[in-house]
Amino acid sequence: MILTVDVGNTRIKAAVFEGSTAVENFVFEKNELEKKIKKILKKFQNCSDLVVASVGNIEKHSFLAFEKEINIHFLTHEDVFPFTNQYATPKTLGIDRMVLAAGATLKFPKQNRLVIDAGTCITYDFIDENDNYLGGAISPGLRLRYEALHNFTARLPLLTLEVPEHYIGNSTKEAIHSGVVNGFVYEIDGFIDEYRANFSNFIIILTGGDADFLAKRLKNTIFANSNFLLESLNQTFQYKIDND
Ligand SMILES: Nc1ncnc2c1ncn2[C@@H]1O[C@H](COP(=O)(O)OP(=O)(O)O)[C@@H](O)[C@H]1O
Ligand SMILES: CC(C)(COP(=O)(O)O)[C@@H](O)C(=O)NCCC(=O)O
Ligand SMILES: [K+]
């Protein structure tokens, strides 16, 4: 069994895999890391490897306490990936984006793929049918948009997610909800339309903490898979074993 851990900028997601099946999923905060991992390893004593992708402020040493119990693989851009990286700054490419790109490449061979991860940030990653990773986009995620409006103005309240009644917001609150939620949805539909206009035959993978919320609201029909990053981590690790 493999324990996969995704350290994002908001929270930590983990899953135990038996082959390609996620047996159990976990979500927790950064300050709970050691306690939670300990608990998971106690429950799943057959776990042989722990595979981590971190873009948060959690480094390899945070896992050293488990070194005696389990093999630790803290992925970096120096690991083997199943695509050709054409990003101009490959060393600064987020490891989460590399893992998503690897998962998309392995799971959907010989086609263009667009991965959209709606987490703290929205990331767009495009891998063409010849397995070239071309890049994509980074923009603020849903909660970040609400927080930014409040943090960088004098008069805007901090609101939490509510679906706007109308695109014409008729109060401060409604205007903010419309700007954040509709802006979020229009942005993603706009990007998808742009890719569609330029590439035929491509698959879209939608993931991240806001994926389910989004999937229902996009003009484009896409199925959300909020487990795609953890599944991709599991697959990237298998690929690393086979190709190292
Ligand atoms: N319980 C929750 N705590 C925090 N964010 C949540 C929660 N449920 C849904 N979200 C949404 O998930 C987004 C963060 O997604 P996530 O994939 O966890 O981020 P990251 O991978 O960057 O840590 C936020 O924009 C927020 O709207
Ligand atoms: C863009 C990100 C902050 C997204 O993080 P997340 O929303 O998954 O927490 C992360 O992938 C990152 O730090 N990237 C480095 C810059 C780049 O990918 O080019
Ligand atoms: K993201």
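Residues numbered from 1 in each chain as written. Chains lettered and ligands numbered in written order. Predicted model: local features only at pLDDT ≥ 70, side-chain atom pairs only at ≥ 80, totals over all residues. Heavy atoms only, no water.

## Digging into the pattern of salt bridges
Under the defined criterion, the tally for this structure stands at 10 salt bridges. The salt bridge partner of lysine 43 is glutamate 24, with a shortest N-O separation of 2.7 Å. With lysine 43 in helix α1 (residues 33-43) and glutamate 24 in strand β3 (residues 21-28), this pair connects stretches of sequence that are 19 residues apart. Lysine 43 gets classed as exposed once you look at its relative accessible area, which sits at 55%. Across the salt bridge formed by lysine 219 and aspartate 193, the nearest N and O atoms sit 2.6 Å from each other. Highlighted residues: lysine 219 in the loop between α5 (211-215) and α6 (228-243) and aspartate 193 in helix α4 (residues 172-198), separated in sequence by 26 residues. Look at aspartate 193 and you get partly exposed, because its relative accessible area is 32%. Several salt bridges share partner residues, and in doing so they unite Asp79, Lys240 and Asp244 into one network. (Salt bridge = Lys/Arg side-chain N within 4 Å of Asp/Glu carboxyl O. Helix = DSSP H or I, 4+ residues; strand = E, 2+ residues; numbered from the N terminus. Buried < 20%, exposed > 50% of the residue type's maximum accessible area, 1.4 Å probe, protein only.)

## Notes on the site of ligand 1
All residues adjacent to ligand 1 are Gly8, Asn9, Thr10, Arg11, Lys13, Gly119, Thr120, Arg143, Gly208, Gly209 and Asp210. Contacts to ligand 1 include glycine 209, whose backbone N or O atom sits 2.9 Å from an oxygen atom. Starting from 570 Å² of accessible surface for ligand 1 in isolation, the protein chains cover 72%. Looking at the shell around ligand 1 residue by residue, the classes come out as no nonpolar, 7 polar and 4 charged. A domain split of the shell around ligand 1 shows at least three residues from each of domain 1 (2-74) and domain 2 (84-233). (Near = heavy atom within 4 Å. Polar contact = N/O pair within 3.5 Å; in protein donor to acceptor, adjacent residues only side chain to side chain. Areas by Shrake-Rupley, 256 points an atom, 1.4 Å probe, with all protein chains shown as cover. Nonpolar A, V, L, I, M, F, W, Y, C, P; charged D, E, K, R; others polar. Domains from an automatic or database assignment.)

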